[in-house]
Amino acid sequence: DSVLRFMVFYSQEIAMNFKKCFKCKENKVISAFYQHEAMADGHFGKCKNCTKKDASEYRWTNLEKVRAYDRARAGTPHRKKKCIVYREEYIAKFPLRYKAREVVNNAMRSGRLIAPPFCEICKSRKKLEAHHNDYNIPLNVRWLCLSCHRCLHRDLNNQTRNGKPPFWEGDK
């Protein structure tokens, strides 16, 4: 009798932690669903993967409408205020980084600094970003595409954690 009660309790406990997505029809853990106050169990009926897929499809099929909405939303007073607050917090937190970025932007506008036509690492002709090895020398930058710049920062962060060489130096 106690074993049966345990099995019933355990099966109810499992059922409470799982939910079936109405879109893909898969049973998934409850954490795979966004929280939603209006739903009886407090979670949206569509899993996160299906929700993201639907949102992405909607965005691409209604691109101009969504872009117009985003532009209008960015112009609302509370969004503008948040943007100003975020910028002030960023400048206070990273004053040297901010100053170096401003120096590079001003030098590019005035023509004193010109980006090369390709990434220093992969030689691609994608849009380039200025990477500062040292923020104290603001005009000494490396010109990298977005993917190489991200890899560089990822590897620099990993290097400080475990002493491995950066990705462009390979395994030594």
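Residues numbered from 1 in each chain as written. Predicted model: local features only at pLDDT ≥ 70, side-chain atom pairs only at ≥ 80, totals over all residues. Heavy atoms only, no water.

Some thoughts on the overall build of the protein
Link 1 in the chain: When its secondary structure is counted, the protein shows 6 helices and 6 strands.
Link 2 in the chain: The helix and strand sequence of the protein, counted from the amino end, reads α-β-β-β-β-α-α-α-α-β-β-α.
Link 3 in the chain: Evaluated residue by residue, the protein yields a buried proportion of 21% over its 172 residues.
Link 4 in the chain: Sequence separation of 24 or more characterises 28% of the internal contacts of the protein that already satisfy a separation of 6 or more.
Link 5 in the chain: Accessible area of the protein: about 13,400 Å², with a carbon and sulfur share of 57%. (Helix = DSSP H or I, 4+ residues; strand = E, 2+ residues; numbered from the N terminus. Buried < 20%, exposed > 50% of the residue type's maximum accessible area, 1.4 Å probe, protein only. Contact = heavy atoms within 4.5 Å. Areas by Shrake-Rupley, 256 points an atom, 1.4 Å probe, with all protein chains shown as cover.)

Points about the side chain of Lys 28
Link 1 in the chain: Tracing the chain through its elements places Lys 28 in strand β2 (residues 27–29).
Link 2 in the chain: We note that Lys 28 is buried and unpaired, the nearest opposite charge coming from Glu 26 at a distance of 4.1 Å.
Link 3 in the chain: Excluding anything up to four places from it in sequence, Lys 28 contacts Asn 17, Phe 18, Lys 19, Phe 33, Cys 47 and Asn 49. (Lys, Arg positive; Asp, Glu negative; His and termini not counted. Salt bridge = Lys/Arg side-chain N within 4 Å of Asp/Glu carboxyl O.)

Structural notes on the pattern of salt bridges
Pairing between side chains of opposite charge can happen when their charged atoms approach one another.
Link 1 in the chain: The tally for this structure, following the rule as stated, stands at 7 salt bridges.
Link 2 in the chain: When the shortest N-O distance is used, the salt bridge between Asp 41 and Lys 19 registers 2.8 Å. In this pair, Asp 41 sits in the loop between β3 (33–35) and β4 (43–47) while Lys 19 sits in strand β1 (residues 18–20), placing the two residues 22 residues apart along the sequence.
Link 3 in the chain: For Asp 41, a relative accessible area of 39% corresponds to the partly exposed category.

Section: unusual backbone geometry
Link 1 in the chain: Even without being glycine, Lys 25 reaches a positive phi, approximately 65°.
Link 2 in the chain: Position of Lys 25 relative to the elements: it lies in the loop between β1 and β2.

Points about the side chain of Lys 46
Link 1 in the chain: Checked against the element boundaries, Lys 46 lands in strand β4.
Link 2 in the chain: The contacts of Lys 46, once residues within four sequence positions are left out, are Cys 21, Phe 22, Lys 23, Phe 33, Thr 51 and Asp 54.

Considerations on the packing of aromatic side chains
Link 1 in the chain: Scanning the entire structure with this criterion turns up 2 aromatic pairs.
Link 2 in the chain: Between Tyr 86 and Tyr 90, the ring centres sit 6.5 Å apart and the planes meet at 35°, which makes this aromatic pair tilted. With a gap of 4 residues between them, Tyr 86 and Tyr 90 both fall in helix α4 (residues 77–93), about one helical turn apart.
Link 3 in the chain: According to the relative accessible area criterion, Tyr 86 is exposed, its value standing at 55%.
Link 4 in the chain: A network of ring pairs unites the aromatic residues Tyr 86, Tyr 90 and Phe 94 as a single cluster.
Link 5 in the chain: Over the ring of Phe 33 we find Lys 19, and its NZ or CZ is 5.7 Å from the ring centre.
Link 6 in the chain: Note that Arg 97 overlies the ring of Phe 94, its terminal NZ or CZ placed 4.0 Å from the centroid. (Phe/Tyr/Trp six-rings, centres within 6.5 Å; stacked < 30°, edge-to-face > 60°. Lys NZ or Arg CZ within 6 Å of the ring centre and 35° of its normal.)

Considering the packing of helix α2 (residues 48–61) against helix α3 (residues 63–74)
Link 1 in the chain: Contact pair α2 / α3: the axes reach a minimum separation of 5 Å and the direction vectors enclose 95°. Here α2 is positioned roughly perpendicular relative to α3, judged by the angle of their axes. Every residue of α3 that contacts α2 at Tyr 58, Arg 59, Trp 60 and Thr 61 is listed here: Leu 63, Lys 65, Val 66 and Asp 70.
Link 2 in the chain: Residue classes in the contact of α2 with α3 are distributed as 4 nonpolar, 1 polar and 3 charged. (Axes fitted to C-alpha atoms, helices over the stretch in contact; angles between N-to-C directions. Parallel < 35°, antiparallel > 145°, perpendicular 65-115°, else oblique. Nonpolar A, V, L, I, M, F, W, Y, C, P; charged D, E, K, R; others polar.)

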